[in-house]
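# Observations on the model geometry
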Amino acid sequence: MKNEKVTIFDTTLRDGEQAPGATMSPEDKLEIALSLERLGVDIIEAGFPVSSPGDFASVQNVARHIKESCVCGLARCMVKDIDAVIEAVKPAKHKRVHIFLATSKIHLDYKLKKSQDEIVAMAVEAVKYARKRMDNIEFSPEDASRTEKAFLYRILEEVIKAGATTVNIPDTVGYSAPEEYGSVIQGICNSVPNINKAVVSTHCHDDLGLAVANSLAGVSNGARQVECTINGIGERAGNASMEEIVMAIRTRSDLYHLTTGINAKEFYRISRMVSKATGFIVPPNKAIVGANAFRHESGIHQDGVLKERRTYEIMNPEDVGVPATEGLVLGKHSGRHAFKDRLKGLGIELSEVDLDKAFARFKHLADKKKEIYDEDLAAIVEDEGHQTSVAYTLVDLISTSGTNISPEVVVTVLYKGKKYAQKSTGDGPVDACYKAIESLTKLKANLLDYGIKSVTQGKDALGEVTVKVAFEGETVIGRAASTDIIEASAKAYINAINKFVAQQRLKP
Ligand code: KIV
Ligand code: ZN
């Protein structure tokens, strides 16, 4: 029996960005979109173009660079929304409009204050309008899982007649249980007379921790598109996590008899990229991409794995791109060739220019740190890669602090080819650093969040610092790694400043 394909629709850049505090820069969004394409995602929902000029520009930027995946934008049942999507996705080879309108009684009575007939008329009119301008139209009855069944079937039949090619069934508030959600999908497949003219899709939120289970119940009952996000980020508790759904379908193909076009080896890398762009740290126990997902602590488990891996491992870490955690990979004497080879093994391919920069950084790190692990390499590349518009570069940092002296730093940065230095004191060396940087860049910044974690084990491990900084009401994430945590802190702050400066330049 041939396994049927499930279409993977990623909404990290739209619903994912709706997670409180997850704002991503346009540069990060493009980098993520390109990685989603490499991952083999069928449809990338790049944003909600009418919501702001920035969102419009981001969707358009993604549409200009994506070659194979379909680029989609979200719209309410309004002409200006649909026009904005059509304009924003115009440069893409494959494109889609995603139109939504709430259908549950609670939304109709309190939010929209409209009758069912009025809702059907609005949906049909919007879908017809869009279909005259584009072939690929998705319609979502928002809060579908809490919508009265007869009305749900009716509106789906009408929008399909009007030209919808995909009907998406959101469990908007994450209220459904798997058996229930599965039966909603089954009911739709059996009761909507023209359902064979559209693809049925799942869109599940994780308020009860059931988003992945519900999505899988959906595909088991006839859905052939799944909407999901990397790391499961999204509104409130998030959306269904792509890596979990894809790996469940793949690992349990005996059960689901389905397939996807996803190259799972990219999961680890894109998970880190999304975490870096949003500042949301991936919990260690997160399935598939968490730091502990393939680590065995108990002696009995370790013994079992050494004897036969499959005793306690249902997937191979390499299959999802997780670097081997055990063993030294490279050291001070490793050459450029070995470095390049090892990166390739991790699924990372860089241009010659980026490779040179990353290799220089590797050599610098190898001088300070004897053992360099795959995780270190991933951090080096992330730090080095894609820093397209670097306004400020840290040239030098001298920091003195102690139990009985007040901390003092001297920070030197390079800006437009000239070096500038600033001395400062503060409540601690990091505070002193940030004061010096603010004075050098003359930017009023408000540090909202600061986090530090070690990339690998050992006293000489790289410290990775993530900062969330607000500039003039805009929140930006900065991240950097170094064996010196004050240096990592300074670089992360400068990284956030560079991103903000780049965003200002991109503004229309
Ligand atoms: O959760 C939801 O209902 C949505 C729709 C816009 C599809 O995100
Ligand atoms: Zn949603």
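Structure: above.
What counts and how
Residues numbered from 1 in each chain as written. Chains lettered and ligands numbered in written order. Predicted model: local features only at pLDDT ≥ 70, side-chain atom pairs only at ≥ 80, totals over all residues. Heavy atoms only, no water. Pairing = 2+ DSSP bridges. Helix = DSSP H or I, 4+ residues; strand = E, 2+ residues; numbered from the N terminus. Axes fitted to C-alpha atoms, helices over the stretch in contact; angles between N-to-C directions. Contact = heavy atoms within 4.5 Å. Donors = N, O, S within 2.8 Å, 3.2 Å for Na, K, Ca; no water. Buried < 20%, exposed > 50% of the residue type's maximum accessible area, 1.4 Å probe, protein only. Salt bridge = Lys/Arg side-chain N within 4 Å of Asp/Glu carboxyl O. Near = heavy atom within 4 Å. Polar contact = N/O pair within 3.5 Å; in protein donor to acceptor, adjacent residues only side chain to side chain. Areas by Shrake-Rupley, 256 points an atom, 1.4 Å probe, with all protein chains shown as cover. Patch = residues over 30% accessible without salt bridge, like charges linked within 9 Å, V, L, I, M, F, W, Y side chains within 5 Å. Disulfide = S-S within 2.5 Å. Parallel < 35°, antiparallel > 145°, perpendicular 65-115°, else oblique. Left-handed = near helix turned anticlockwise from the far one by under 90°. Nonpolar A, V, L, I, M, F, W, Y, C, P; charged D, E, K, R; others polar. Core = buried A, V, L, I, M, F, W, Y, C linked by side-chain atoms within 4.5 Å. Domains from an automatic or database assignment.

## Here's the deal with the pairing of strand E12 (residues 408-415)
With eight bridges connecting them, strand E11 (residues 392-400) and E12 associate as antiparallel partners. Looking at E12, one finds that Ser399 is bridged to Val409. One ladder, built from eight bridges, connects E12 with strand E13 (residues 418-425); its direction is antiparallel. In the strand pairing of E13, Val410 is matched with Lys423.

## Concerning the sheet that holds E13
With antiparallel pairing, the three strands of this open sheet are ordered in space as E11-E12-E13. The open sheet has two edge strands with one neighbour each: E11 and E13. With strand direction ignored, the average angle separating the axes of adjacent strands in the sheet is 15°. Sheet strands in contact with helix H16 (residues 429-441) are E11, E12 and E13, and its direction is about 135° off that of E13.

## Describing the sheet that holds strand E5 (residues 94-102)
The strand order around the closed barrel built from eight strands is E2-E3-E4-E5-E6-E7-E8-E9, with neighbouring strands paired in parallel fashion. Neighbour-to-neighbour, the strand axes of the sheet open up by a mean angle of 25°, direction not taken into account. As defined by bridge partners, strand E4 (residues 70-76) adjoins E5 across seven bridges and the pair is classed as parallel. Within E5, the residue paired with Arg76 across the bridge is Phe100.

## Side note on the coordination of the zinc ion (ligand 2)
Looking at the zinc ion (ligand 2), the protein donor atoms are Asp15 (OD), His203 (NE2) and His205 (NE2), and they sit 2.0 to 2.2 Å from it. Counting along the primary sequence, the residues that act as donors to the zinc ion (ligand 2) give the motif D-x187-H-x1-H. The pair formed by His203 and His205 is uniform in burial state, with each residue classed as buried.

## Some points on the pattern of salt bridges
Under the criterion given, the structure shown has 34 salt bridges. Among the salt bridges present, the one from Asp117 reaches Arg154, with a minimum N-O distance of 2.8 Å. Within this pair, whereas Asp117 is found in helix H5 (residues 116-131), its partner Arg154 is found in helix H6 (residues 149-162), the two being separated by 37 residues in sequence. On the basis of relative accessibility, which here comes to 51%, the residue Asp117 falls in the exposed class. Two residues, Arg309 and Glu313, come together in a salt bridge whose shortest N-O distance is 2.9 Å. Judged by relative accessible area, Arg309 falls into the partly exposed class, the value being 31%.

## Observations concerning the site of ligand 1
Looking at ligand 1, the residues that line it are Arg14, Asp15, His98, Phe100, Ser140, Glu142, Pro170, Thr172, His203 and His205. Taking Arg14, its side chain carries an N or O atom lying 3.0 Å from an oxygen atom of ligand 1. Separating an oxygen atom of ligand 1 from a side-chain N or O atom of His203 is a distance of 3.1 Å. Compared with its free state, where it exposes 260 Å², ligand 1 has 94% of that area covered by protein. Elements that contribute at least two residues to the shell around ligand 1 include exactly E5 and strand E6 (137-142).

## A word on a nonpolar patch on the surface
There is a patch of nonpolar side chains on the surface, built from Leu447, Tyr450, Ile452 and Ile485 and spanning about 310 Å² of accessible area. In this structure, Tyr450 sits in strand E14 (residues 445-454).

## Thoughts on the state of the cysteines
Applying the stated criterion across every chain, the model contains zero disulfides. The thiol sulfur of Cys72 is not disulfide-bonded, and the nearest other cysteine sulfur, from Cys70, lies at 6.5 Å. Classification of Cys72 by relative accessible area gives buried; the value is 0%. Summary of cysteine pairing: Cys189 is not part of a disulfide, and the nearest cysteine sulfur, belonging to Cys204, is at 14 Å. Classification of Cys189 by relative accessible area gives partly exposed; the value is 25%.

## Focus: the packing of H6 against helix H7 (residues 178-191)
Packing of H6 against H7 leaves a shortest axis separation of 10 Å and a crossing angle of 50°. For the element pair H6 / H7, the angle class is oblique. The two elements H6 and H7 meet at a crossing, and its hand is right-handed. Residue-level inspection shows Lys149, Leu152, Tyr153 and Leu156 of H6 in contact with H7, the latter providing Val184, Gly187, Ile188 and Ser191. Residue classes in the contact of H6 with H7 are distributed as five nonpolar, two polar and one charged.

## Digging into the nonpolar core
Nonpolar side chains in soluble globular proteins tend to be buried together. Of all hydrophobic cores here, the largest spans 93 residues; its most connected members are Ile99, Phe139, Ile188, Met242 and Phe267. Two domains each donate at least three residues to this core, and these are domain 1 (4-278) and domain 2 (292-322). Beyond its immediate chain neighbours, meaning those up to four positions away, Ile99 contacts Ala75, Arg76, Cys77, Ile82, Ala126, Val127, Ala130, Ile137, Glu138, Phe139 and Ser140. Counting 30 residues, the second largest nonpolar core, distinct from the first, contains Cys433, Ile437, Val469 and Ile486.

## Some words on the side chain of Arg14
Structurally, Arg14 can be placed in the loop between strand E2 (7-10) and helix H1 (26-39). Overall, the relative accessible area of 9% leaves Arg14 in the buried class. If sequence neighbours within four positions are ignored, Arg14 has contacts with Glu45, Gly47, Phe48, Leu74, His98 and His203.

## Observations regarding the environment of Ser399
Topologically, Ser399 is positioned in strand E11. Judged by its relative accessible area of 31%, Ser399 falls in the partly exposed class. Considering only alpha carbons, one finds Ser399 and Cys433, 34 residues apart in sequence, at a separation of 8.3 Å. Those residues in contact with Ser399 that sit more than four places away from it in its chain are Glu408, Val409, Pro429 and Ile486.

## Regarding the packing of helix H2 (residues 53-65) against helix H3 (residues 79-89)
Relative orientation of the contacting elements H2 and H3 amounts to 40°, with a least axis distance of 7 Å. Residues Phe56, Val59, Gln60 and Ala63 of H2 lie in contact with H3, whose contacting residues are Ala84, Glu87, Ala88 and Val89. Here the residues of the contact of H2 with H3 sort into six nonpolar, one polar and one charged.

Limitation: the analysis is restricted to geometry and does not speak to function.
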